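# Residue-level structural notes
Single-letter residue listing:
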Amino acid sequence: MGSNVPNNRILHLPSNNPIHGISASLQQAISTAQGNDFSQAFRTSAELCQRAFSDLRINIAVPASLNDQPATELGNKPSKEIISYFEELLTTNGIPAQAIATQAAMLSHRIQLLRAFDAPDTLIANTCNKVKEVVDGFPKTADDIRCGSNPGDVLDPYILAAAQILMCSGDFERTVSATISHKVLMIIEGLLGHLHEDVIGSMRGNVRIPEPRAEDQETLNPMTNPFPGADLLQPPTNNRELRFFQVKSKTGSAKGGDGRRLGEQLHRLVTLYGGSAFYVALIGNTLRGHRSMAGVQRAAPSVVVLVGESAFQELTGSIVGPQLLLRLYQSAFEVAARDTGYSLEDMVATIYHAFRQRADDLGEGFLEAVLHDAISGPATQQDSRHYVPARRQRRRNR
């Protein structure tokens, strides 16, 4: 009881709504989201423009005409239109010609960050730290390529042979480069799935729902597991009901068999708390081929399934939502690249040299050496008739 805040913390919902029984931290996050609406933060385009000027230390007067425009007039423009506007403004204010393009691009970037986020610099820093942690896991040695984190995830010499012959004209160094690039892209794909949830959940008017910590992560319980099945929510406003979102990177991110379970979870949320539910995929331009839509809607016909621009519109409340997300990522990735200094070219040279040395040591060709390392091992580790799992072996040795 002492951990909860008063029921009126979350506005626009009746006092008997079970959502008032969730943790104090989540109630505070929802209350904050209700208060950081873009139109409340900036009433006019002049206020938005002045904030961007101040942040970037650009010392020119804000055009008086912007006082008569709502902030959304400037904040919801596409990047190229904002850049064009500021190029003209900077030109008429005596900014040196060589600096205009750079400053206009920076102002456009800043305007879109302020449109999307209440505290963009803090979010950029947090996102950058997450990116740098992942970059630390990029392949740096031949062992990182030979075997993944799972001992059974070894480099496949037959796939490597196909890549070398079909893609790389027989050049093994280029094959190593393609292999490293593929592994890095797979890591980045995993990173973005989590980043999308965190970053969009931090946009104005949204609340990121933390991963459940209770032992039972499926059962809905306002205190211990209040929103299973949802990645973020949008609290109600004067003209919008409470809304729950399950967010996927793209239409193929969820298995078809997951649809029914997700639909049931979203249906339970709406039944308990009211409002509506959405199942969205950010990347995609059609619902055709959506693997889990049918399962979701069979379990919960009221759940709205969205992809692409339609998904971004609902998640961000802006026609330039995809650009708003991209601006944050660009800022974070640029800082992370500078701070980590990871170089694919350097890693290819290092790893290729290690593969060549291994082949020389074995007196075999590159592919034969990879094949040797991919399948060689004692029978006690390869034959179930002799294999003893590590846990069982430890118990025997006690």
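Residues numbered from 1 in each chain as written. Predicted model: local features only at pLDDT ≥ 70, side-chain atom pairs only at ≥ 80, totals over all residues. Heavy atoms only, no water.

### Some thoughts on the overall build of the chain
Of the regular secondary structure elements, the chain holds 18 helices and 5 strands. Expressed as lengths along the three principal axes of its C-alpha atoms, the size of the chain is roughly 80 × 60 × 45 Å. With 398 residues in all, the chain has 40% of them scored as buried. Relative to all contacts within the chain whose residues are 6 or more apart in sequence, the contacts with residues 24 or more apart total 67%. Of the accessible surface of the chain, which amounts to about 21,300 Å², a share of 51% is contributed by carbon and sulfur atoms. Within the chain, the 41 negative side-chain charges are centred at a point lying 6 Å from the centre of the 39 positive side-chain charges. (Helix = DSSP H or I, 4+ residues; strand = E, 2+ residues; numbered from the N terminus. Buried < 20%, exposed > 50% of the residue type's maximum accessible area, 1.4 Å probe, protein only. Contact = heavy atoms within 4.5 Å. Areas by Shrake-Rupley, 256 points an atom, 1.4 Å probe, with all protein chains shown as cover. Lys, Arg positive; Asp, Glu negative; His and termini not counted. Charge placed at Lys NZ, Arg CZ, Asp CG, Glu CD.)

### Description of helix H7 (residues 120–135)
Over its 16 residues, H7 extends 22 Å from the first C-alpha to the last, a length consistent with the 22 Å expected when each residue adds 1.5 Å. Within H7 the residues assigned to the buried category are Pro120, Leu123, Ile124, Thr127, Cys128, Val131 and Val135. Looking down the long axis of H7, one finds its buried residues gathered within 135° of arc, a one-sided arrangement. The inward-facing, buried residues of H7 abut helix H6 (97–116), helix H10 (172–201) and helix H14 (321–340). (Expected span 1.5 Å × (residues − 1). Arc of directions from axis to C-beta.)

### A word on the packing of H10 against H14
Their axes nearest at 11 Å, the elements H10 and H14 cross at an angle of 120°. The handedness of the crossing between H10 and H14 is right-handed. Contacts between H10 and H14 involve Leu192, Leu195, His196, Val199 and Ile200 from the first element and Leu325, Leu328, Tyr329 and Phe333 from the second. (Axes fitted to C-alpha atoms, helices over the stretch in contact; angles between N-to-C directions. Left-handed = near helix turned anticlockwise from the far one by under 90°.)

### As for the packing of aromatic side chains
Summed over all chains, the structure comprises 13 aromatic pairs. Between Phe172 and Tyr352, the aromatic rings sit 6.5 Å apart at their centres with planes inclined by 45°, giving tilted as the arrangement. On the criterion of sequence distance, the pair formed by Phe172 in helix H10 and Tyr352 in helix H15 (residues 344–362) is long-range, its members being 180 residues apart. Ring geometry for Phe245 against Phe278: centres 4.8 Å apart, planes inclined by 10°, an arrangement best described as stacked. Linking Phe245 in strand E3 (residues 243–250) with Phe278 in strand E4 (residues 276–283), this pair joins segments that are 33 residues apart in sequence. The exposure class of Phe278 is buried, given its relative accessible area of 6%. Ring-pair connections join several aromatic residues into one group, and the members of that group are Phe172, Tyr352, Phe355 and Phe366. One cation-aromatic arrangement involves Arg115 over Phe38; the distance from NZ or CZ to the ring centre is 4.7 Å. Lying across the ring of Phe355, Arg146 places its NZ or CZ 5.0 Å from the centre. (Phe/Tyr/Trp six-rings, centres within 6.5 Å; stacked < 30°, edge-to-face > 60°. Lys NZ or Arg CZ within 6 Å of the ring centre and 35° of its normal.)

### Comments concerning helix H1 (residues 24–35)
For H1, built from 12 residues, the straight-helix expectation of 16 Å at 1.5 Å per residue is met to within 8% by its first-to-last C-alpha distance of 17 Å. Listed as buried for H1 are Leu26, Gln27, Ile30, Ala33 and Gln34. Buried residues along H1 cover an arc of 125° about the axis, so they all sit on one side. Its buried side turned inward, H1 meets helix H2 (38–41), strand E1 (207–208) and strand E2 (232–234).

### What to know about the pattern of salt bridges
Scanning the model with the defined rule gives 19 salt bridges in all. Among the salt bridges present, the one from Asp373 reaches Arg146, with a minimum N-O distance of 3.7 Å. One end of the pair, Asp373, is in helix H16 (residues 366–375); the other, Arg146, is in helix H8 (residues 142–146), with 227 residues separating them in the sequence. By relative accessible area, Asp373 is classed as partly exposed at 28%. Notably, a salt bridge pairs Glu189 with Lys250, separated by 3.3 Å at the nearest N-O pair. Residue Glu189 is found in helix H10, and its partner Lys250 is found in strand E3; the two are separated by 61 residues along the sequence. Bridged by salt links that share partners, the residues Lys130, Glu197, Asp198, Arg208 and Glu211 form one connected network. (Salt bridge = Lys/Arg side-chain N within 4 Å of Asp/Glu carboxyl O.)

### Overview of the confidence of the model for the chain
Caution is warranted with low-pLDDT regions, since their predicted coordinates should not be read in detail. Here the chain averages 92 in pLDDT, and 94% of its residues register 70 or above. Taken together, the stretch residues 1–8 has pLDDT below 50 and engages in 13 contacts with residues farther than four places along the chain or on a different chain. (pLDDT = per-residue confidence, 0-100.)

### Topic: the pairing of strand E5 (residues 304–307)
Strand direction decides the pairing type here: E4 and E5, joined by 4 bridges, are parallel. Bridging across to E5, Ala281 finds its partner in Val307. (Pairing = 2+ DSSP bridges.)

### Examining the layout of surface pockets
Of the voids in this model, the largest pocket is the one considered here, and its volume is about 680 Å³. Taken together, 31 residues form the lining of the largest pocket, with Glu197, Glu211, Asp231, Gln246 and Lys248 sitting closest to its centre. Of all the elements in the fold, those that place two or more residues in the lining of the largest pocket are H10, E3 and helix H11 (258–273). By residue number, the principal contributor to the lining of the largest pocket is H10, which donates 6 residues. Its residues assigned to classes, the lining of the largest pocket comprises 9 nonpolar, 11 polar and 11 charged. (1 Å grid on protein atoms, 1.4 Å probe; cavity = no way out; pocket = protein on both sides within 12 Å on 5 of 7 lines; lining within 4 Å. Points joined across faces, edges and corners; volume = space filled by probe spheres on them. Nonpolar A, V, L, I, M, F, W, Y, C, P; charged D, E, K, R; others polar.)

### Some words on the nonpolar core
As a rule of thumb, soluble globular proteins bury nonpolar side chains together. The biggest cluster of nonpolar side chains holds 44 residues, and the ones touching the most others in it are Phe117, Val280, Leu315, Leu325, Leu328 and Phe355. Residue contributions to this core peak at 8 residues, all from H10. In contact with Leu315, not counting residues within four places along its chain, are Ile200, Asn206, Leu232, Gln234, Phe245, Val247, Val280 and Leu282. In terms of nonpolar packing, the next biggest core, distinct from the first, is built from 25 residues, Ile209, Ala230, Phe244 and Tyr279 among them. (Core = buried A, V, L, I, M, F, W, Y, C linked by side-chain atoms within 4.5 Å.)

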